[in-house]
Amino acid sequence: MERNFSTKTGILLVNLGTPKSYSTKDVRAYLGEFLMDKRVISLPYISRFLLVNLIIKTTRAPKSAKAYEEIWHESGTSPLLYYSKEQEKKLQEKLGEDYLVKIAMRYQEPSISDTLEIFHKEKINDIIALPLYPQYASATTGSSLEKIFKVLSEYKDIPNIKVIGSFYDNPIFIDTWANLIRKYDFNSYDHILMSYHGLPVDQLCEANSKNIINQPKCCQSKKTGNPNCYSYQCFATTEHIAKKLELKNSQYSTSFQSRLGKARWTQPYTAQHLENLIKENKKKILMLSPAFTTDCLETLYELEIEYKEVAENLGGELDVVECPNSHPIFINTLYSLIKQI
């Protein structure tokens, strides 16, 4: 039987995920799904299962639940879900009726499978997948795309799908951050610190055959690393933003947050770098995290609360730039990416 396809194009905006509530039970469920992903923790299945279920979910979930409670949005959902829905709504308005825009979370709800099923029921045969991670990493973009293709592989009539893999150097994306920073009198700060989510060095090496992570300043330029290297793309984003704002080299730097365990992660580590800056008498610091497009636990708790406390205890002062969220210029970024593909 012939299927009458829709003329609309489906836009799949994918973000990492969020617990349903800040209850320990829901946070534990989220952590379990997230950390059991082999692209997130690259241990053999049995080792990963024991680590996640016997240690991490037991010890980390109650602490994370309290942190989520502190930053939970007044709408009754997590900030990540609230701002993701705003992105969906505003991008839909900008793109118009020729498109159907839907958000999906890699972990928890709304799930990728449920959102793709909406497209399927609407008979949409052309889909653009846009993972909302500016810099490519196997644990984020890679995992999201793997899940999308796995779900679609079960369909009898697989739709046409185009992918936007990363946009770390997109001019309008860089403009978005530059405009957010301009809301502050950024030249009055002693230093601008751009902090990105960290990754274990082993994961970078596994994902990038050209990676020479043990070399000095590895992955800070295309010449020394794979152009799809997460670390390189982070440093490149920093340089693009700095150039846009006409910053001097001494005015800014890059660091990596959220380190777990004793393994070596991407460096420099934000906590240590922040301490060193304040000891160097760079006490008034403006911080932002261009690895995130949407405010979440890491930006609203780790940066806004934990790192502010670190700075204050050392005699410093820290201000944090909000994420792009549903800022009009970021919606323009998404619109531009979609129209260019």
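Each remark here, short or long, concerns the structure printed above.
Residues numbered from 1 in each chain as written. Predicted model: local features only at pLDDT ≥ 70, side-chain atom pairs only at ≥ 80, totals over all residues. Heavy atoms only, no water.

### A look at a nonpolar patch on the surface
Then, number 1: Together, Tyr 45, Ile 46, Phe 49, Leu 50, Leu 54 and Ile 55 give the surface a local cluster of nonpolar side chains, amounting to about 620 Å² of exposed area.
Then, number 2: As for its placement among the helices and strands, Ile 55 is situated in helix H2 (residues 45-71).
Then, number 3: Ile 55 gets classed as partly exposed once you look at its relative accessible area, which sits at 46%. (Patch = residues over 30% accessible without salt bridge, like charges linked within 9 Å, V, L, I, M, F, W, Y side chains within 5 Å. Areas by Shrake-Rupley, 256 points an atom, 1.4 Å probe, with all protein chains shown as cover. Salt bridge = Lys/Arg side-chain N within 4 Å of Asp/Glu carboxyl O. Helix = DSSP H or I, 4+ residues; strand = E, 2+ residues; numbered from the N terminus. Buried < 20%, exposed > 50% of the residue type's maximum accessible area, 1.4 Å probe, protein only.)

### Regarding helix H9 (residues 270-279)
Residues separated by three or four positions in an α-helix point in the same direction, a consequence of the helix having 3.6 residues per turn.
Then, number 1: If you check which residues of H9 are buried, you get Thr 270, His 273, Leu 274, Leu 277 and Ile 278. The buried residues of H9 occupy one face: seen down the axis, they fall within an arc of 135°.
Then, number 2: Those residues of H9 that are buried are in contact with strand S5 (191-197), strand S6 (252-257), strand S7 (284-288) and helix H10 (297-313).
Then, number 3: After H9 finishes, the residue Asn 281 shows a positive phi value of roughly 75°. (Arc of directions from axis to C-beta. Contact = heavy atoms within 4.5 Å.)

### Re the environment of Glu 117
Then, number 1: Structurally, Glu 117 can be placed in helix H4 (residues 112-121).
Then, number 2: Linking Glu 117 and Thr 18, residues 99 residues apart in sequence, is a C-alpha distance of 20 Å.
Then, number 3: A distance of 3.4 Å separates the side chain of Glu 117 from the side chain of Tyr 155, its partner in a polar contact. (Polar contact = N/O pair within 3.5 Å; in protein donor to acceptor, adjacent residues only side chain to side chain.)

### A few points about the sheet that holds strand S4 (residues 160-163)
Then, number 1: Spatial strand order, S2-S1-S3-S4: four strands in an open sheet with parallel pairing. On the outer flanks of this sheet lie strand S2 (99-107) and S4, each paired with one strand and no other. On average, each strand axis in the sheet is inclined to that of its neighbour by 25°, with strand direction left out of account.
Then, number 2: Pairing geometry for strand S1 (residues 6-17) and strand S3 (residues 124-131), over seven bridges, is parallel. Note that in S3 the partner of Ile 11 across the bridge is Ile 128.
Then, number 3: Lying over the sheet, helix H3 (residues 79-95) contacts S1 and S2, oriented at roughly 160° with respect to S2. (Pairing = 2+ DSSP bridges. Axes fitted to C-alpha atoms, helices over the stretch in contact; angles between N-to-C directions.)

### Some details on empty space enclosed by the protein
Then, number 1: Enumeration over the complete set of coordinates arrives at one cavity of 30 Å³ or more.
Then, number 2: By volume, the largest cavity is sized at about 60 Å³.
Then, number 3: Lining the largest cavity are twelve residues, with His 120, Ile 124, Tyr 155, Asp 157 and Pro 159 positioned closest to its centre.
Then, number 4: Breaking the lining of the largest cavity down by element, the ones donating at least two residues are H4 and S3.
Then, number 5: In terms of residue class, the lining of the largest cavity is made up of eight nonpolar, two polar and two charged. (1 Å grid on protein atoms, 1.4 Å probe; cavity = no way out; pocket = protein on both sides within 12 Å on 5 of 7 lines; lining within 4 Å. Points joined across faces, edges and corners; volume = space filled by probe spheres on them. Nonpolar A, V, L, I, M, F, W, Y, C, P; charged D, E, K, R; others polar.)

### Focus on the pattern of salt bridges
Then, number 1: Across all of its chains, the model carries eight salt bridges by this definition.
Then, number 2: The shortest N-O distance in the salt bridge between Lys 183 and Glu 322 comes to 3.3 Å. Placement of Lys 183 in the loop between helix H6 (171-182) and S5 and of Glu 322 in the loop between strand S8 (317-320) and helix H11 (328-340) is noted, with a sequence separation of 139 residues between them.
Then, number 3: The exposure class of Lys 183 is exposed, given its relative accessible area of 54%.
Then, number 4: Overall, the relative accessible area of 26% leaves Glu 322 in the partly exposed class.
Then, number 5: Between Glu 275 and Lys 279 there is a salt bridge; the shortest N-O distance is 2.9 Å. Here the residue Glu 275 and the residue Lys 279 both occupy positions in helix H9, the gap between them amounting to four residues, near one helical turn.
Then, number 6: For Lys 279, a relative accessible area of 60% puts it in the exposed group.

### Section: the packing of aromatic side chains
Then, number 1: A full pass over the atoms with the stated rule returns ten aromatic pairs.
Then, number 2: On the basis of an interplanar angle of 75° and a centroid distance of 6.1 Å, the ring pair of Tyr 168 and Tyr 232 is categorised as edge-to-face. Placement of Tyr 168 in the loop between S4 and H6 and of Tyr 232 in helix H8 (residues 230-244) is noted, with a sequence separation of 64 residues between them.
Then, number 3: Given a relative accessible area of 9%, Tyr 232 falls into the buried group.
Then, number 4: Taken together, the ring pairs connect Tyr 22, Tyr 68 and Trp 72 into an aromatic cluster.
Then, number 5: The aromatic ring of Tyr 335 is capped on one face by Lys 94, whose charged end is 4.8 Å from the ring centroid.
Then, number 6: The ring of Tyr 189 has Lys 284 sitting right over it, with the charged end atom 4.8 Å from the ring centre. (Phe/Tyr/Trp six-rings, centres within 6.5 Å; stacked < 30°, edge-to-face > 60°. Lys NZ or Arg CZ within 6 Å of the ring centre and 35° of its normal.)

### Comments concerning the sheet that holds S8
Whether parallel or antiparallel, the strands of a sheet pair through hydrogen bonds between backbone atoms.
Then, number 1: Across the sheet, four strands lie side by side as S6-S5-S7-S8; this open sheet has parallel pairing. Where the open sheet ends on each side, the last strands, each with one partner, are S6 and S8. Between one strand and the next, the sheet's axes are offset by a mean angle of 30°, whatever the strand orientation.
Then, number 2: Judged from the four bridges that link them, S7 and S8 form a sheet pairing that is parallel. Within S8, the position partnered with Ile 285 by the bridge is Leu 318.
Then, number 3: Across the sheet, H9 lies against S5, S6 and S7, angled at about 145° from S6, the strand it touches most.

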